Amino acid sequence: GEQVEQRPPHLSVPEGDSAVIICTYTDSATAYFYWYKQEPGAGLQLLMSVFSNVDRKEEQGLTVLLNKKDKQLSLNLTAAHPGDSAVYFCAVTANSGTYQRFGTGTKLQVVP
Amino acid sequence: EAGVTQSPRYAVLQEGQAVSFWCDPISGHDTLYWYQQPRDQGPQLLVYFRDEAVIDNSQLPSDRFSAVRPKGTNSTLKIQSAKQGDTATYLCASSFARADTQYFGPGTRLLVL
């Protein structure tokens, strides 16, 4: 079955710097890709979703890159601020309306 | 529009005790998911429903876990005899069948002593 790996598990960046999180997946049929943010004690907040026909998507200081050849998905937070400190998860699925497979998470700390 | 709601938010029990979690999805969403999220890990699917039908429960420990969605709206996840290894956050999510976006509830944090 699909395997999703995420790195790094922990990331600390100074305020204003960028932070990059990378996920790799194994199933070439994977078509939907997601990034979530989870703050302590809270559920998952969807940050961005992309379909497989998109290589790059930017929204509100976030950039998602999809490299289907290498089966790699990345999230870049430009100019990170302390409010971005949280755990970030990638998730993938082959079909809409089915469950998502999640990465192992990246704990991001943005240091003032 | 109200989001996905879950109750209780926290539960603490001794091994061997039973517990039930309740989820109210977004109105009109026909698909409902239960995920288990152990500490410092990503969510893992337990079971999901389309309307009242179970679509996939292959990851549900069937000897102790059960889940129902009798009217295709609210759902209950029950652990019959909890073990310490069940300590985790239980997340409920809902979506439209043909939509790719799942909406997550705040979760129920379970601690089994």
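Residues numbered from 1 in each chain as written. Chains lettered and ligands numbered in written order. Predicted model: local features only at pLDDT ≥ 70, side-chain atom pairs only at ≥ 80, totals over all residues. Heavy atoms only, no water.

Report on the interface of chain A and chain B, specifying residues and quantitative values.
With 19 residues of chain A at the interface, the matching set in chain B holds 25 residues. In this assembly, chain A packs against chain B so that about 1,500 Å² is buried in total across both faces, 52% of it on carbon and sulfur atoms. Where chain A meets chain B, there are 0 salt bridges. At the junction of chain A with chain B, the criterion picks out 3 residue pairs in polar contact (both at pLDDT 80 or more). Taken together, the elements giving at least two residues each to the side of chain A that touches chain B come down to strand 4 (32–38) and strand 5 (44–51) of chain A. (Contact = heavy atoms within 4.5 Å. Buried area = accessible area lost by both parts, 1.4 Å probe. Salt bridge = Lys/Arg side-chain N within 4 Å of Asp/Glu carboxyl O. Polar contact = N/O pair within 3.5 Å; in protein donor to acceptor, adjacent residues only side chain to side chain. Helix = DSSP H or I, 4+ residues; strand = E, 2+ residues; numbered from the N terminus.)

Would you mind going over the pairing of strand 6 (residues 56–59) of chain A in detail, with residue names and values included?
Residues and elements named next belong to chain A. As paired strands, strand 6 and strand 7 (residues 62–67) are joined by 4 bridges and run antiparallel to one another. Counted as the bridge partner of Glu59 is Leu62 from strand 7. Counted along the chain from strand 6 to the antiparallel partner strand 7, the turn is 2 residues long, and its residue Gln60 has a positive phi close to 45°. (Pairing = 2+ DSSP bridges.)

Go over the state of the cysteines, please, and point to the residues and values.
Applying the stated criterion across every chain yields a total of 2 disulfides over all chains. Paired through a disulfide, A:Cys23 and A:Cys90 show a sulfur-sulfur distance of 1.9 Å. Between A:Cys23 and A:Cys90 the disulfide shows an S-S torsion of about -95°. By sign, it is left-handed. You can see A:Cys23 sitting in strand 3 (residues 19–25) and its partner A:Cys90 sitting in strand 9 (residues 86–93), a full 67 residues away along the chain. Each sulfur of the disulfide joining B:Cys23 and B:Cys92 lies 1.9 Å from the other. (Disulfide = S-S within 2.5 Å.)

Give me the environment of B:Glu15: which residues, what numbers.
All names here are of chain B. By secondary structure assignment, the location of Glu15 is in the loop between strand 2 (10–13) and strand 3 (19–24). Using a relative accessible area of 46% as the deciding quantity, one classes Glu15 as partly exposed. Here the alpha-carbon distance between Glu15 and Gln84, two residues 69 residues apart in the chain, equals 6.4 Å. Setting aside its immediate chain neighbours within four residues, Glu15 contacts Ala82, Lys83, Gln84, Val112 and Leu113. (Buried < 20%, exposed > 50% of the residue type's maximum accessible area, 1.4 Å probe, protein only.)

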